[in-house]
Amino acid sequence: MRRPAGRAAGPGLRAAPALLLSATLAGCGVLPALPPTVPDDVVPTRVAPSAAASLAPGGAEGLSPDGFDAVQRMAVRIRNVGCDGLSTGSGFAVDEHTLITNRHVVADSESLEVSTYDGRDLEVSAAGSASLADLALVRTADPLPSHPTLARSDPQPGDTVTVVGYPEGGELTITAGEVIGPTTDPLHENLGEVLLTDAPVEPGSSGSAALDTQGRVIGVVYAKTSDGRSLLVPLSTLERVLDDADGFRALPPCAQGD
């Protein structure tokens, strides 16, 4: 399979500049004004019926009083306030106080602001980046509303994939497509094989959970290709990172004037 030219699905990625289409995705300071704190709605786009029907574990019993299912509640919007501007990305809970996102979403930050599906701001207690892949871990002092389970294995070509995140830092959005197959990562030499899908993503989608039809995590969105496809850090890599507690290093603060 040809290696697709990739670009970060969220601003801030500085690796492999020849592969980035940065005219419209330039980093800090160029985003439009942030939306209101509380999303008005969930915006479904190209959601496969089979995926939409099973994203809420337990059906209606899995809904919160305001009508959000467990998968929607685990997605967070991340705002990176850096020394030179701000950018936004997405993330998702893996336990009550731990989020997974992309390294480039939280890099070079003066402070990180995390908000939930219902507009609540959560206090960040720590953040660290993984030595492998474009992944980062964020700890919150406040409990997270919901967290999903991990799938048992990486998906296969043709499997449905659903992405839940905050493209452009806007409303909580669900998009869906299919797994095309594995490909060599075009952005990070140390990652190796990643997954290519046709689920739509946009700047701000970086760090979103990619889910199977049962709402289980199968990967993490980290980039968009030049032909509009999405790239995922696969579940198998995510599991290796989560199993290596010593693999995360505290994020250095941004340096004023850099």
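Cut-offs used in this document
Going along each chain's sequence as written, the residues are numbered from 1 onward. Since the coordinates come from a predicted model, pLDDT governs what is reported: local features require at least 70, and pairs of side-chain atoms require 80 or more to be given and counted, while whole-chain, interface and lining totals use all residues. Values reported for side chains reflect all heavy atoms of the structure, with hydrogen atoms and water molecules removed beforehand. Every helix listed is a DSSP run of H or I at least four residues long, and every strand listed is a run of E at least two residues long, numbered separately from the N terminus. Only protein chains enter the accessibility calculation, which uses a 1.4 Å probe; a residue is then buried when its area is under 20% of its type maximum, exposed when over 50%, and partly exposed in between. Throughout, a contact is declared for two residues whenever any of their heavy atoms are within 4.5 Å. The term salt bridge refers to a pairing of a side-chain nitrogen on Lys or Arg with a carboxyl oxygen on Asp or Glu at a separation within 4 Å. Whenever a nitrogen or oxygen atom comes within 3.5 Å of another N or O atom, the pair is scored as a polar contact, on the condition that within protein one atom can donate a hydrogen and the other can accept it, and that pairs from neighbouring residues in sequence are kept only if both atoms are in side chains. Two strands make a pair as long as DSSP finds a minimum of two bridges between them. What makes a nonpolar core is a set of buried Ala, Val, Leu, Ile, Met, Phe, Trp, Tyr and Cys residues whose side-chain atoms join them at distances within 4.5 Å.

Draft legend 1. Geometry of the overall build of the chain. Summing up its helical and strand segments, the chain has 4 helices and 16 strands in all. Within the chain, the proportion of its 258 residues that are buried is 52%. Long-range pairs, those at least 24 residues apart, make up 68% of the contacts in the chain with a sequence separation of at least 6.

Draft legend 2. The pattern of salt bridges, seen in detail. Considering all chains together, one arrives at 5 salt bridges under this definition. E113 is paired through a salt bridge with R79; the nearest N and O atoms lie 2.4 Å apart. Of the two residues, E113 sits in strand β6 (residues 111-115) while R79 sits in strand β3 (residues 75-82), which places them 34 residues apart along the sequence. Take R79: its relative accessible area is 27%, and that puts it in the partly exposed class. R229 is the salt-bridge partner of D227, the closest N and O atoms lying 3.9 Å from each other. A residue is classified by how much of its surface remains accessible, and R229, at 33% relative accessible area, is partly exposed.

Draft legend 3. Region of the structure containing the side chain of T101. Structurally, T101 can be placed in strand β5 (residues 98-101). Overall, T101 belongs to the buried group, its relative accessible area being 0%. Polar contacts involving the side chain of T101 include one to the main-chain carbonyl oxygen of S90, which spans 2.6 Å. Not counting the four nearest positions on each side in its chain, T101 is found in contact with I78, S90, G91, V106, D134, L135, A136, V138, S206 and G207.

Draft legend 4. Representation of the sheet that holds strand β4 (residues 85-95) in the model. Read across the sheet, 8 strands follow the order β7-β6-β3-β4-β5-β9-β8-β16 without closing on themselves; strand pairing throughout is antiparallel. With partners counted over all chains shown, the strands left at the sheet margins are β7 (121-122) and β16 (248-250), one partner each. Note that β6 and β7 share 2 bridges and pair antiparallel. Paired with V114 across the strands is L122, a residue of β7.

Draft legend 5. Structural view of the environment of A126. Looking at the element boundaries, A126 is found in strand β8 (residues 124-130). When the C-alpha positions of A126 and T140 are compared, they lie 7.1 Å apart, and in sequence the two are 14 residues distant. If sequence neighbours within four positions are ignored, A126 has contacts with L137, V138 and R139.

Draft legend 6. Spatial organisation of the environment of L122. Examined against the element boundaries, L122 turns out to sit in strand β7. In this structure, L122 is in contact with V114, T116, T140, D142, P143 and L144, ignoring residues within four places of it in sequence.

Draft legend 7. Representation of the nonpolar core within the structure. Counting 43 residues, the largest nonpolar core has F92, V106 and L135 as its most contacted members. Among the elements that line this core, the one with the most residues is strand β14 (residues 217-225), at 4 residues. Apart from residues lying up to four places away in sequence, F92 is in contact with M74, V76, T98, L99, I100, P148, G207, S208, A209, V217, V220 and L238. Residues V163, V179, L195 and L235 belong to the second largest nonpolar core, which totals 12 residues.

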